[in-house]
Amino acid sequence: MSQDANPNRGFATRAIHSGQEPDPATGAVTVPIYATSTYVQQEIGKNKGYEYARVSNPTRTRLEENLAALEGGTSAHVFASGMAAITAMFTMMKTGDHIVCGSNVYGGVPRLFNQVLVNYGIEFTYVDTSNPNAVEAAMGPNTKLVHIETPTNPLMDVCDIAVIAKIAHKHGAELSVDNTFMSPYFQKPIPLGADIVMHSTTKFLNGHSDGLGGVLVCTKPQHKETFAFVQKCTGGILSPFECWLVLRGVKTLAVRMEQHDRNGREVAAFLNTHEKVQEVFYPGLPDHPQFELAKRQMTGFGAMITFETGSFENAQKMLRKVRVCSLGESLGGVETLISHPATMTHAALGVDGRAEIGLTDGMVRISVGIEDVEDIIADLDQALEAM
Ligand SMILES: Cc1ncc(COP(=O)(O)O)c(C=O)c1O
């Protein structure tokens, strides 16, 4: 643990200082980008702790210390993207193992399971993880992992991390939580019982839509051993430059998340009363089915909102008109990003897969940025008029 991983310090202090201590060689206040592929060795078997950059790099070490501190884990391992991190997590599985996965998660996850991992004889069951009974019913003797997102993507259901952790542990399985939507600023799955926390650092952690990345934050020595080994064996690690971008991004995570949350609440309230919007999915609305759980489990409601326009045509008409909001995949950047899950993030589920989870062609997902909220609302208002 680095000295500034002190859990008694506040979140913003740890974000700015954990792993981000001044460079011991020069005093540089910003962690340097160690652009090197290898390290000179003093003699055979004698080095300064770094041998080859696929195995480790000082910029990466600093980011891994920082993210472990923010999530309250014992180690962190960064990968080239969120999907690379998820793929690394599944290298823990063996043929015949079973995974229980949320049915309403980022579409790339079931695509990886159904089109790649299935060929390795790993079994999957998809369940509505906002219903703990469904998780319990899906557990089997060979279940090794329960993987959830909360709030779910894009329907924004909230899953009870503490209850699901107990179910997983009772059956000898581990719980992994994709915490991308909330960031460690608003939700900390590890104290609630999660064994592994995963992020696409591409989103809120980096926060500026200028780099891909993924992380697994772990709680056990065998995770550390496994994932450091996977980094070395498979090589899908995060580059020093992108590690540096995330180190820079997390310094402002606390202030960004506060503003994302403030803007998110206002945009959700606006959409909720707009006559052309049929339904709004946002855990901060009192009529959200898990509003009480959201208040208990999260310290903010965040910036992710999904709303129903009624049809593909309506979604198309409004999305053609947005100007402040940018139409595109991804989320968590300072700019407001608006997307159409059925044809973008969840296209891989297919028509039937989307129908099964209640994801319609009229749904639009918005990642509310930190622009002036009046401008975001005015933009949405004029775009909705086109429907
Ligand atoms: C919640 C969530 N998890 C994981 C991923 C995958 O991350 P990446 O795009 O960095 O591979 C995404 C991507 O959109 C996501 O939204």
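Quick look at the structure, then. (Residues numbered from 1 in each chain as written. Predicted model: local features only at pLDDT ≥ 70, side-chain atom pairs only at ≥ 80, totals over all residues. Heavy atoms only, no water.)

Further remarks concern the site of the ligand. Taken together, 14 residues sit near the ligand, with Gly-82, Met-83, Asp-178, Ser-200 and Thr-202 positioned nearest. Between the ligand and Gly-82 there is a distance of 2.8 Å, counted from an oxygen atom to a backbone nitrogen or oxygen. Ser-200 has a polar side-chain atom sitting 2.8 Å from an oxygen atom of the ligand. With the chains in place, 93% of the 390 Å² that the ligand exposes on its own is no longer accessible. Looking at side-chain class alone, the shell around the ligand contains four nonpolar, seven polar and three charged residues. (Near = heavy atom within 4 Å. Polar contact = N/O pair within 3.5 Å; in protein donor to acceptor, adjacent residues only side chain to side chain. Areas by Shrake-Rupley, 256 points an atom, 1.4 Å probe, with all protein chains shown as cover. Nonpolar A, V, L, I, M, F, W, Y, C, P; charged D, E, K, R; others polar.)

Turning to the packing of aromatic side chains, a few remarks are in order. Overall, the coordinates contain nine aromatic pairs when judged by the stated rule. A ring pair is formed by Phe-11 and Tyr-185, whose centres lie 5.2 Å apart and whose planes are at 70°; its orientation type is edge-to-face. Pair noted here: Phe-11 is in helix α1 (residues 11–17) and Tyr-185 is in helix α7 (residues 183–186), with a separation of 174 residues, a long-range link. The same class applies to Phe-11 as to Tyr-185, namely buried. Members of the aromatic cluster, each reached through a chain of ring pairs, are Phe-90, Phe-113, Phe-124 and Tyr-126. (Phe/Tyr/Trp six-rings, centres within 6.5 Å; stacked < 30°, edge-to-face > 60°. Helix = DSSP H or I, 4+ residues; strand = E, 2+ residues; numbered from the N terminus. Buried < 20%, exposed > 50% of the residue type's maximum accessible area, 1.4 Å probe, protein only.)

Take the pairing of strand β2 (residues 98–102) next. Within a regular strand, side chains alternate between the sheet's two faces. Burial of β2 is extensive: five of the five residues sit out of reach of the surface. Across five bridges, β2 lies against strand β3 (residues 123–127) in parallel orientation. Residue pairing for β3: Ile-99 is matched across the bridge by Phe-124. At this point the chain moves from β2, through helix α4 (residues 108–115), to the parallel β3, and the crossover so formed is right-handed. Of the pairings in the sheet, the one linking β2 to strand β4 (residues 143–149) comprises four bridges and is parallel in character. What sits directly across from His-98, in β4, is Thr-143. (Pairing = 2+ DSSP bridges. Right-handed = clockwise from strand over helix to strand, strands pointing away.)

Our focus in this paragraph is unusual backbone geometry. The peptide bond linking Thr-150 to Pro-151 adopts the cis configuration, its omega dihedral lying at -5°. Here Asn-153 and Pro-154 are connected by a cis peptide whose omega angle stands at 10°. For Pro-154, the location among the structural elements is in the loop between β4 and α6 (161–170). At Ser-209, a residue that is not glycine, the phi angle is positive and equals roughly 50°. Tracing the chain through its elements places Ser-209 in the loop between β6 (196–200) and β7 (214–218). Among the residues examined, Ser-209 registers a relative accessible area of 42% and is labelled partly exposed.

Membership of the largest hydrophobic core comes to 86 residues, with the highest contact counts inside it found for Leu-175 and Met-318. Counting residues per element, this core draws most heavily on helix α10 (residues 253–273), which supplies seven residues. Beyond its immediate stretch of four places on either side in the chain, Met-318 contacts Phe-307, Thr-309, Ile-338, Leu-380, Ala-383, Leu-384 and Met-387. (Core = buried A, V, L, I, M, F, W, Y, C linked by side-chain atoms within 4.5 Å. Contact = heavy atoms within 4.5 Å.)

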